[in-house]
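# Structural features, examined
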Amino acid sequence: MTIGNAALFISKELQIIYDENEAMNIAEMLLENISGIKRTDRILNKNKELSEQQSEKLNHYLSRLLNHEPIQYVLNECWFFGFNFYVDKNVLIPRPETEELVDWIIRNIKFPFKELKILDIGTGSGCIPIVLKRKLHKPEIIACDISEEALVIAKRNADNLQADINFIQLDFLNEPERNKLPLFDIIVSNPPYIPQKDKLMMRQNVLDFEPHTALFVADNNPLVFYSAIANFANTHLNKNGTIYCEIHENLGKNVSELFLQNKFNVEIKKDMQGKERMIKAMKEES
């Protein structure tokens, strides 16, 4: 099978699950991994035959994709903010909205700064703290997660991308445990925020493969992590410090009210799709 024919074959097979554009994008990602040839160069090599080994790899990957497994887990890679991260079923796949959150943080930091201490809560793959460290260089960053498996991956990504991060295993909902942490200038989190009832509306490739502990919260307490963050920040956020969080598109008002009740000034930001997906909270001056 030629590279050109392989792209069409993969795309056609995947259209059972995905729309045409998404199926073609996945096919291109798969072929780049298998052939080692970038998309622009594959146009010039469309008549090149795949080797027997490459064809076997293609069929193996395709069978996993047709079982709704995300392409990022199949290839064990996800590009985020221009960096290639290792991912598997133990961590969430980094999303474009989280890139926007990180970009918002970077744009809001006042340069130059001598010292800056950052906490990332629920770090997963480590994508947020690693990018902040690579882009800002100077900050001291602590990143925590309840999952030991996730922290193994985060440390692997930090090593691969040469980012000095202090990773710690921590149940942030355990108040005595989190209160052992020091003070910070920035607290950032993409916490679990999807109510259990929303499972029925989620795609199979998310529901069947991504870690539920990083996605879902109880229907009767969907703001549990934001409440813990606000409580923690009351005693662990330095003067003029800032909180940045990703939020559920339908819960922006609720999260905003929670931070306002804790005497924070609040700004909600929409993502590129026009949905309320990020919030910034700063402590009111006393």
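Below or above, wherever it landed, is the structure these notes cover.

What counts as what
Residues numbered from 1 in each chain as written. Predicted model: local features only at pLDDT ≥ 70, side-chain atom pairs only at ≥ 80, totals over all residues. Heavy atoms only, no water. Core = buried A, V, L, I, M, F, W, Y, C linked by side-chain atoms within 4.5 Å. Buried < 20%, exposed > 50% of the residue type's maximum accessible area, 1.4 Å probe, protein only. Contact = heavy atoms within 4.5 Å. Helix = DSSP H or I, 4+ residues; strand = E, 2+ residues; numbered from the N terminus. Expected span 1.5 Å × (residues − 1). Arc of directions from axis to C-beta. Phe/Tyr/Trp six-rings, centres within 6.5 Å; stacked < 30°, edge-to-face > 60°. Pairing = 2+ DSSP bridges. Axes fitted to C-alpha atoms, helices over the stretch in contact; angles between N-to-C directions.

Leu-119, Phe-172, Ile-187, Tyr-226, Ile-243 and Phe-259 are the most contacted members of the largest nonpolar core, which totals 33 residues. With sequence-adjacent residues up to four places away left out, Ile-187 is seen in contact with Leu-119, Ile-121, Ile-229, Phe-232, Ala-233, Leu-237, Thr-242, Ile-243 and Tyr-244. Listed in part, the 31 residues of the second largest apolar core include Phe-80, Leu-132, Ile-141 and Val-188.

Turning our attention to helix 1 (residues 3–14). If you check helix 1, its first and last C-alpha atoms are 17 Å apart, about what 12 residues at 1.5 Å a residue would give, namely 16 Å. Residues Ile-3, Ala-6, Ala-7, Ile-10, Ser-11 and Leu-14 constitute the buried set of helix 1. For helix 1, the angular spread of buried residues about the axis comes to 125°, placing them on one side. For helix 1, the exposed residues lying more than 90 degrees away from the buried face are Leu-8 and Lys-12. Each element contacted by the buried residues of helix 1 is listed here: helix 2 (20–35), helix 3 (39–44) and helix 4 (52–65).

According to the stated counting rule, one finds 7 aromatic pairs in the structure shown. Considering the side-chain rings of Phe-172 and Phe-232, the 5.3 Å spacing of their centres and the 70° angle between planes classify their relative orientation as edge-to-face. One end of the pair, Phe-172, is in the loop between strand 5 (166–169) and helix 9 (175–178); the other, Phe-232, is in helix 11 (residues 224–236), with 60 residues separating them in the sequence. With a relative accessible area of 3%, Phe-172 lands in the buried category. The buried category is assigned to Phe-232, whose relative accessible area is 0%. For the pair Phe-259 and Phe-264, a centre-to-centre distance of 5.7 Å together with 85° between the ring planes defines the contact as edge-to-face. Comparing Phe-259 with Phe-264, the two get one shared label, buried.

Attention now moves to the sheet that holds strand 11 (residues 276–283). One open sheet accounts for 7 strands, arranged 5-4-3-6-9-11-10; its pairing is mixed. A single partner strand is all that each edge strand has here, and the edge strands are strand 5 and strand 10 (264–270). Neighbour-to-neighbour, the strand axes of the sheet open up by a mean angle of 15°, direction not taken into account. In this sheet, strand 4 (residues 140–145) lies alongside strand 3 (residues 117–121) in parallel orientation, the contact comprising 5 bridges. Each residue of the ladder has a partner; that of Lys-117, found in strand 4, is Glu-140. On top of the sheet, helix 8 (residues 148–160) reaches strand 4 and strand 5; it is set at about 175° to strand 5, its chief contact. Its contacts with the sheet place helix 12 (residues 252–261) against strand 9 (237–246), strand 10 and strand 11, and it is angled at close to 160° to strand 10.

So, on to the pairing of strand 11. Of the pairings in the sheet, the one linking strand 9 to strand 11 comprises 5 bridges and is antiparallel in character. Among the inter-strand pairings, Thr-242 is bridged to a residue of strand 11, identified as Met-282. With 7 bridges joining them, strand 10 and strand 11 adopt antiparallel strand pairing. Bridged to Glu-267 within strand 11 is Lys-280. The turn joining strand 10 and strand 11, which pair antiparallel and follow one another in sequence, is formed by 5 residues; a positive phi near 80° is taken by Gly-274.

One non-glycine residue, Asn-76, lies in positive phi territory at about 55°. Here Asn-76 lies in the loop between helix 5 (71–75) and strand 1 (78–80). At Asn-240, a residue that is not glycine, the phi angle is positive and equals roughly 70°. Its place among the elements puts Asn-240 in strand 9. Asn-240 gets classed as exposed once you look at its relative accessible area, which sits at 52%.

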